[in-house]
Amino acid sequence: MPKRAARLGRYVAPMTQRTGRAVQITEPGTLELLDAPAAEPGPGQALVQVAYCGICGSDREVFAGTRPAEFVRYPVVPGHEWSGTVAAVGPGVPESLVGRGVVGQGIRTAEGTPASLEGDTEGWPQEYEETGFTLPGGWSTWLTLPARYLHVLPEGADLRAAAGIEPAACVAEAVLLADVSAGSKVAVVGAGTLGLLAVQLLKGAGCEVTVVHHNDERRELATTCGAAHYTGDATTLGATFDAVIEAAGVPGIARTAVRLARRGGRVVLTGIPAQDADDLSSLELVSRNVHVLTVFGAPTRAWAYAVRAFSAGVLDPTPLITHEFDLTDAQAALDELAARRGALKVLLKP
């Protein structure tokens, strides 16, 4: 006899019928395409069919073996910038989630603790765990994760665009920490994916945004995203900005960002340089009363902010998508991003 669900009596197809595939990094420099059938979601879990998954610099670090050892565990299926549709839920999860478009938080927090309830990633009481780095990620047909990390999208949402919500959530936290308001003058240092998504969110908050990028190639796109000004030379700007969001992640850039802030201004650092060579001056920080804050990952409040902005049309990652590859071409996707031929947001489609 067919197995029937205990809650509502609906027929449950055997999960072994849900076939799939995944790309795994078995060790630095080695990709492997695997058969990866879906596993039945357990209590509190949801099974998501992945629609798109973005690739970012941290995925390249995992492949190259340059990500710090405490933030990766091999072998691993990468992919933390994903979007998809809920295909099934486990006991204790509302059935109404099935069929809904979703994105999901990657960093795990302990269930039931105040830190978890507030979405405070600073308060992890356990070792670091994150989708796509220490836990299976979105370079796969199927992804199973605790349903409490899902954020539901509006009906009919563009899942291709929604794959950009994860990086947007990271810079949404930067925008929240910057404490800006309508009319604030804000500099965004770096016009990569994070920087340009920050421009969209800041523009949506009513800020006057100046983009600082090392060359002129992103000027048009920065303008499309809402930048009022653009320069390739930070030395032409005075220390006049109410807030500065750094999204470049290159050595020395933190000091550049600090020098753009007005007295009493806020600087939010999001990039992680390959070499620690920023040499921030405590004399400069204290004498000018500049407040420096940092972002690593995105807490729940930032995810909620990014999803609301996406739902309202304020956030649109679509202009940043430059390349799409089938999951079987994951190596080519990584190579394209590494080649620096204009690739910005590269998507894999499982």
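The name given to the protein chain in an unreviewed UniProt entry is 2-desacetyl-2-hydroxyethyl bacteriochlorophyllide A dehydrogenase, and the organism recorded there is Kineococcus rhizosphaerae. Entered under Cofactor (unreviewed entry) in the UniProt record, the comment concerning the protein chain runs "Zn(2+)". You can read under Sequence similarities (unreviewed entry) in the UniProt record for the protein chain the words "Belongs to the zinc-containing alcohol dehydrogenase family."

Visitor: Describe the nonpolar core, and please don't skip the residues or the numbers.
Guide: Core analysis: the largest hydrophobic core is formed by 51 residues, its most contacted members being L153, I165, V180, L202 and L315. Sort the elements by how many residues they give to this core and helix α4 (residues 165-178) lands first, with 10 residues. Both domains that furnish three or more residues to this core are identified here as domain 1 (21-153 + 317-348) and domain 2 (169-294). The next biggest cluster of nonpolar side chains, apart from the first, holds 38 residues, and it includes A22, V72, V77 and L145.

Visitor: Tell me about empty space enclosed by the protein, and name the residues and values.
Guide: Tallying each qualifying case throughout the model produces 1 cavity of 30 Å³ or more. In this structure, the largest cavity encloses a volume near 60 Å³. Residue lining of the largest cavity: 14 residues in total, with A163, G164, P317, I321 and K345 positioned closest to the centre. Elements with a minimum of two residues in the lining of the largest cavity: α3 (159-162), α5 (193-204) and β15 (345-349). Class assignment for the residues of the lining of the largest cavity results in 8 nonpolar, 3 polar and 3 charged.

Visitor: Which residues make up the packing of aromatic side chains, and what values go with them?
Guide: Counted under the stated rule, the structure contains 3 aromatic pairs. Taken together, a centroid distance of 4.9 Å and an interplanar angle of 90 degrees make the contact between F71 and Y128 edge-to-face. Taken together, the residues span a long stretch of sequence, with F71 in the loop between α1 (57-64) and β4 (81-89) and Y128 in the loop between α2 (114-118) and β6 (142-146) at a distance of 57 residues. Side by side, F71 and Y128 carry an identical accessibility label, which is buried. Where F71 meets F296, the ring centres are 5.3 Å apart and the plane angle is 45 degrees; that geometry is what we call tilted. One end of the pair, F71, is in the loop between α1 and β4; the other, F296, is in the loop between β13 (291-294) and α9 (300-311), with 225 residues separating them in the sequence. By relative accessible area, which is 32% here, F296 ends up partly exposed.

Rules used throughout
- Residues numbered from 1 in each chain as written.
- Predicted model: local features only at pLDDT ≥ 70, side-chain atom pairs only at ≥ 80, totals over all residues.
- Heavy atoms only, no water.
- UniProt positions renumbered as here; feature names shortened; annotations may be inferred.
- Core = buried A, V, L, I, M, F, W, Y, C linked by side-chain atoms within 4.5 Å.
- Buried < 20%, exposed > 50% of the residue type's maximum accessible area, 1.4 Å probe, protein only.
- Helix = DSSP H or I, 4+ residues; strand = E, 2+ residues; numbered from the N terminus.
- Domains from an automatic or database assignment.
- 1 Å grid on protein atoms, 1.4 Å probe; cavity = no way out; pocket = protein on both sides within 12 Å on 5 of 7 lines; lining within 4 Å.
- Points joined across faces, edges and corners; volume = space filled by probe spheres on them.
- Nonpolar A, V, L, I, M, F, W, Y, C, P; charged D, E, K, R; others polar.
- Phe/Tyr/Trp six-rings, centres within 6.5 Å; stacked < 30°, edge-to-face > 60°.

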